[in-house]
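Letter by letter, the chains look like this.
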Amino acid sequence: MPLRRLPIKELLDENRYHDCEGFGKDYVCVRIAAVADLPSRYGQFQVVAFWNNRDGKEHAAFVRGDVTGGDEVPVRLHSECLTGDAIGSLRCDCRDQLEAALGAIGRMDSGILLYLRQEGRGIGFLNKIRAYGLQDHGLDTVEANIALGFRDDERDYSVAAHMLFSLKVQSIRLMTNNPRKIGGLEQLGVKIAGRIPLVIPPNPYNRFYLETKSLKSGHLLDHQGRERLLEQMDRPIVEGMDEEQGLILQQQE
Ligand SMILES: [Zn+2]
């Protein structure tokens, strides 16, 4: 069956005349500004560019298939990481996560990667590099953020939630190892039908960072073995396994 596509004209027409005072306590208003085809090394996608009234940033959705009206659509929320995504920094696992998510979605009939322009867990690029500098002097990732006057995680998903509403997604299966994201999105009105874990083994440079995230920020993370991964989930079904990348994709029933 050929890959379905977003109803572009319909979406653009609706968003062009979309005028609201915003939803929720933060009066968030999000509009789809442009849609285009995006063939990629991970498969055929469409890219959707969004406007919003909240953070002034140009967020994007990389969409596979026609997700409008879709239930249990696999969704990955990826926060921009210039050093990791573009440069291949080994201080974090952002690029591995991005590639694993795009690779997985690229093999599915439908799915979405929301690319959120909130660098450095929301503290911005400049402060992220400041935090790296502190970490070079012995602080861990959480301590460094706190030393700079930030919370451990400053990311905000209200725009992300509205991006999913703009795409008319009914319910999602969230690709994440971070349980806080699930609760956070549910509070924003996103219906979450399940979780798809993305587990990526650490490299020697980011092992400490990942262990800190796991210990201090509640990330579900396992790099000792697969046994613990299975305990993290309810009724897991192995959906696909890529030994080379060490990516284990599992989904709930
Ligand atoms: Zn990163």
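Residues numbered from 1 in each chain as written. Predicted model: local features only at pLDDT ≥ 70, side-chain atom pairs only at ≥ 80, totals over all residues. Heavy atoms only, no water.

Draft legend 1. Expanded view of the coordination of the zinc ion. Protein-derived coordination of the zinc ion comes from C81 (SG), C92 (SG) and C94 (SG), at a distance range of 2.2 Å. Binding-site remark: the zinc ion is held by donors from one chain whose sequence spacing is C-x10-C-x1-C. Of the two residues, C81 sits in the loop between β4 (73–79) and α2 (82–86) while C94 sits in helix α3 (residues 94–106), which places them 13 residues apart along the sequence. By the burial criterion, C81 is buried, and C94 matches it. (Donors = N, O, S within 2.8 Å, 3.2 Å for Na, K, Ca; no water. Helix = DSSP H or I, 4+ residues; strand = E, 2+ residues; numbered from the N terminus. Buried < 20%, exposed > 50% of the residue type's maximum accessible area, 1.4 Å probe, protein only.)

Draft legend 2. Quick look at the sheet that holds strand β6 (residues 172–175). In space, the seven strands of this open sheet follow the order β1-β2-β3-β5-β4-β6-β7, with mixed pairing throughout. Only two strands of the sheet have a single partner each, and these edge strands are β1 (30–40) and β7 (192–196). For this sheet, the mean angle separating the axes of adjacent strands, direction not counted, is 25 degrees. Looking at chain direction, strand β3 (residues 60–64) and strand β5 (residues 111–116) are connected through five bridges and run antiparallel. Pairing of A60 across the sheet is with Y115, part of β5. Packed on one face of the sheet, helix α6 (residues 158–166) meets β1, β2 (43–52), β3, β4, β5 and β6 and runs near 145 degrees to β5. (Pairing = 2+ DSSP bridges. Axes fitted to C-alpha atoms, helices over the stretch in contact; angles between N-to-C directions. Contact = heavy atoms within 4.5 Å.)

Draft legend 3. Expanded view of the packing of aromatic side chains. A full pass over the atoms with the stated rule returns zero aromatic pairs. Here the guanidinium or amino end of R31 rests over the ring plane of W51, the centre of that ring lying 4.4 Å away. For the cation-ring pair, R91 lies above Y132, with the distance from its terminal atom to the ring centre recorded as 4.2 Å. (Phe/Tyr/Trp six-rings, centres within 6.5 Å; stacked < 30°, edge-to-face > 60°. Lys NZ or Arg CZ within 6 Å of the ring centre and 35° of its normal.)

Draft legend 4. Region of interest: the environment of V35. Secondary-structure assignment places V35 in strand β1. Once residues within four sequence positions are removed from consideration, V35 is found in contact with L6, I8, L12, Q46, V47 and V48.

Draft legend 5. Main features of the confidence of the model for the chain. Confidence along the chain averages 83 in pLDDT terms, with 83% of residues attaining 70 or more. Mean pLDDT across the elements of the chain bottoms out in helix α9 (residues 226–231) (34) and peaks in β3 (98). Note on residues 222–253: pLDDT is under 50 here. Beyond four places in sequence and across chains, it has 69 contacts. (pLDDT = per-residue confidence, 0-100.)

Draft legend 6. Focus on the pattern of salt bridges. Tallied over the full model, the rule gives 11 salt bridges. A salt bridge links K168 to E10; its shortest N-O distance comes to 2.9 Å. In this pair, K168 sits in the loop between α6 and β6 while E10 sits in helix α1 (residues 8–16), placing the two residues 158 residues apart along the sequence. Among the ionic pairs, D136 bridges to R91, the shortest N-O distance being 3.0 Å. On the criterion of sequence distance, the pair formed by D136 in helix α4 (residues 125–136) and R91 in the loop between α2 and α3 is long-range, its members being 45 residues apart. Each of the salt bridges in this network shares a partner with another, and the network as a whole consists of K9, D13 and R16. (Salt bridge = Lys/Arg side-chain N within 4 Å of Asp/Glu carboxyl O.)

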